[in-house]
Amino acid sequence: MCWTFNVQGARMKLHNVIDCHVHCDYSDDCSAKAYLEVERAIELGLQGITFTDHYDIDYPNPKYKFEFDVAERRTFMQELQHRYKDKLTVFHGIEIGIAPHVVQQSLEVIKNGYFDCVICSTHAVDGFSLCSQSEFFEGKTQVQAYRRYLEEIYYDISNFPDYDIVGHIGYVRRYGPYGNRSMPYSRYSDILDMILKKVIEDGKGIEINTSGFAYKLGTPIPEIDIITRYRSLGGEIITMGSDAHKVERIADCFESAALILKQAGFQYIAHFKNRKPVFESL
């Protein structure tokens, strides 16, 4: 991977890299225009960008409706792909929010979507949105809340097989009302090992999600020791995603993410095309 800094050294151009987790205004919590995000990716020198807009059936916060017309969006993505085909590759992805009662409906969405990449994410637990409703955290210690969240991830990936990447393991860290928002592997090793081993056994992957830096967590999501554990267990498929909801956050902190992956023992990063992993050297 080639890192080229500009004169000020403040920004970098990233070659051979794809931002595998990006939102545009098809996500109800995002107003960014896709074409502006693509142009930002071109400016940074990215090889490609994967749009993974939210699709969370029965999301438990009425402020948001995380559903869209899948066929219409696919047509729009094809138009983007054609418009920018000589500059970078646009991939058609989705971030599907799973909860126990929407598994079958979500499987139908994926079945008919013709996606390049499917991120399986847990955004709500026990009927509560983690990002907007404090009820989930009420009456729980940090360990109890984080463990319940991880148990839900394990359930989701065990019952929703049609995915490629588990999204941001540690998402709960962004919003919990705790002074120290860390989720160290050592404290949750049993349930994290269940998740990571299941991912590996099923031939799936995880992501290094750099939004943790934007949310001032001091680490990516998941944390570095979890990424290292994934690699030590034999995990090979890992994508790099900014989880951008704003143009300026495309490929945010990717240089830090690449260093973390190298230190964890990864030699390759992945992206998905037609639901198959494609590997590029770090």
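Structure's up top.
Residues numbered from 1 in each chain as written. Predicted model: local features only at pLDDT ≥ 70, side-chain atom pairs only at ≥ 80, totals over all residues. Heavy atoms only, no water.

### Some thoughts on the overall build of the protein chain
Note the cut-off: We count a stretch as a helix when DSSP gives it H or I for four or more residues in a row; a strand needs E for two or more, and each element gets its number in order from the N terminus. The quantity called the radius of gyration is restricted to C-alpha atoms. Its globule counterpart is 2.2 Å times the number of residues to the power 0.38. Using a 1.4 Å probe, the Shrake-Rupley method yields the accessible areas, and only the shown protein chains count as cover for residues. Counted charges follow a simple rule, with Lys and Arg positive, Asp and Glu negative, and His plus the chain ends left uncounted. Charge placement uses NZ in Lys and CZ in Arg. For Asp and Glu, CG and CD serve respectively.
Regarding its fold elements, the protein chain presents eight helices and 13 strands. For 282 residues, the compact-globule formula gives about 19 Å, and the C-alpha radius of gyration of the protein chain, at 18 Å, lands near that figure. The dimensions of the protein chain, computed from C-alpha atoms along their principal axes, are 50 × 40 × 35 Å. For the protein chain, the computed accessible surface area is about 12100 Å², with 48% contributed by carbon and sulfur atoms. Side chains of the protein chain carry 31 positive and 39 negative charges; the gap between the two charge centres is 4 Å.

### Here's the deal with the nonpolar core
To be explicit about the condition: Side-chain atoms within 4.5 Å link the members of a nonpolar core, which is a set of buried Ala, Val, Leu, Ile, Met, Phe, Trp, Tyr and Cys residues. We call a residue buried when its accessible area falls under 20% of the maximum for its residue type, exposed when it is over 50%, and partly exposed in between, using a 1.4 Å probe and counting protein chains only. We call two residues contacting when some pair of their heavy atoms lies within 4.5 Å.
Membership of the largest hydrophobic core comes to 82 residues, with the highest contact counts inside it found for Phe51 and Leu150. Once residues lying within four places of it in the same chain are set aside, the contact partners of Leu150 are Ile169, Met183, Tyr188, Ile191, Leu192 and Ile195.

### Quick notes on the pairing of strand β3 (residues 18-22)
Threshold: Any two strands between which DSSP finds at least two bridges are classified as paired. Crossovers are described as right-handed under a simple rule: with the strands pointing away from the observer, the path leading from the first strand over the helix to the second runs clockwise.
In terms of residue burial, β3 counts as a mostly covered element, since five of its five residues are buried. Where β3 lies against strand β4 (residues 48-56), three bridges are found, and the strand directions are parallel. The residue of β4 that forms the bridge with Ile18 is Gly48. Where the polypeptide runs from β3 across helix α1 (residues 34-44) and back to β4, its parallel neighbour, the crossover connection is right-handed.

### Regarding the sheet that holds strand β10 (residues 205-209)
Basically, it comes down to this: Here an axis means a line fitted to C-alpha atoms, over the contact stretch when the element is a helix, while the angle between two N-to-C directions is reported on a 0 to 180 degree scale.
With parallel pairing, seven strands are arranged side by side in an open sheet as β3-β4-β5-β6-β9-β10-β11. The sheet is open, and its two borders are formed by β3 and β11 (238-241), each paired with just one other strand. Sheet strands in contact with helix α3 (residues 103-111) are β4, β5 (89-97) and β6 (117-121), and its direction is about 170 degrees off that of β5.

### A word on the side chain of Ser242
Threshold: Here a polar contact is taken to be a pair of N or O atoms separated by no more than 3.5 Å, where protein atoms must pair a possible hydrogen donor with a possible acceptor and residues adjacent in sequence count only if both atoms sit in side chains.
Relative to the helices and strands, Ser242 resides in the loop between β11 and α8 (254-264). One polar contact links Ser242 to Asp19, side chain to side chain, over a distance of 2.7 Å. Here Ala244 takes part through its backbone nitrogen, which lies 3.1 Å from a polar atom of the side chain of Ser242. Excluding anything up to four places from it in sequence, Ser242 contacts Asp19, His21, Val22, Asn209, Thr210, Ser211, Arg249, Ile250, Ala251, Asp252 and Phe254.

### Observations concerning the packing of aromatic side chains
The condition is simple: Centres within 6.5 Å make a pair out of two Phe, Tyr or Trp rings, where for Trp the six-membered ring is used; the pair is then stacked when the planes are under 30 degrees apart, edge-to-face when over 60, and tilted otherwise. Any Lys NZ or Arg CZ that is within 6 Å of a ring centre and within 35 degrees of that ring's normal is treated as a charge sitting over the ring.
Following the criterion strictly, the structure yields twelve aromatic pairs and no others. Relative to Phe76, the ring of Tyr26 lies with its centre 5.6 Å away and its plane at 40 degrees, an arrangement referred to as tilted. With Tyr26 in the loop between β3 and α1 and Phe76 in helix α2 (residues 70-83), this pair connects stretches of sequence that are 50 residues apart. In this structure Tyr26 comes out as buried when scored by relative accessible area, which is 18%. Ring centres of Tyr230 and Phe266 lie 6.2 Å apart, and the angle between their planes is 25 degrees; on these two criteria the pair is classed as stacked. In this pair, Tyr230 sits in helix α7 (residues 224-232) while Phe266 sits in the loop between α8 and β12 (268-273), placing the two residues 36 residues apart along the sequence. The residues Tyr230 and Phe266 share a single accessibility class, namely buried. Here a set of aromatic residues connected by ring pairs shows up, and it is made of Phe136, Phe137, Tyr146, Tyr178 and Tyr188. A cation over a ring is seen here: Lys140 above Phe136, with NZ or CZ 4.4 Å from the ring centre. For Arg231, the ring lying beneath its charged end belongs to Phe266, and the centroid distance is 5.6 Å.

### Looking at the packing of helix α4 (residues 142-159) against helix α5 (residues 189-201)
Let me state the cut-off plainly: Oblique is the label for every angle not falling under 35 degrees (roughly parallel), over 145 degrees (roughly antiparallel), or within 65 to 115 degrees (roughly perpendicular). Crossing handedness is read from the near helix: turned anticlockwise from the far helix by less than a right angle, it gives a left-handed crossing, and turned clockwise, a right-handed one.
Where α4 contacts α5, the axes come no closer than 10 Å and their chain directions differ by 20 degrees. With respect to each other, α4 and α5 are oriented roughly parallel. Where α4 crosses over α5, the two elements pack in a sense that is left-handed. In contact with Arg147, Leu150, Glu151, Ile153, Tyr154, Ile157 and Ser158 of α4, α5 contributes Asp190, Ile191, Leu192, Met194, Ile195, Lys198 and Val199.

These results come straight from atomic positions and should not be treated as a statement about function.
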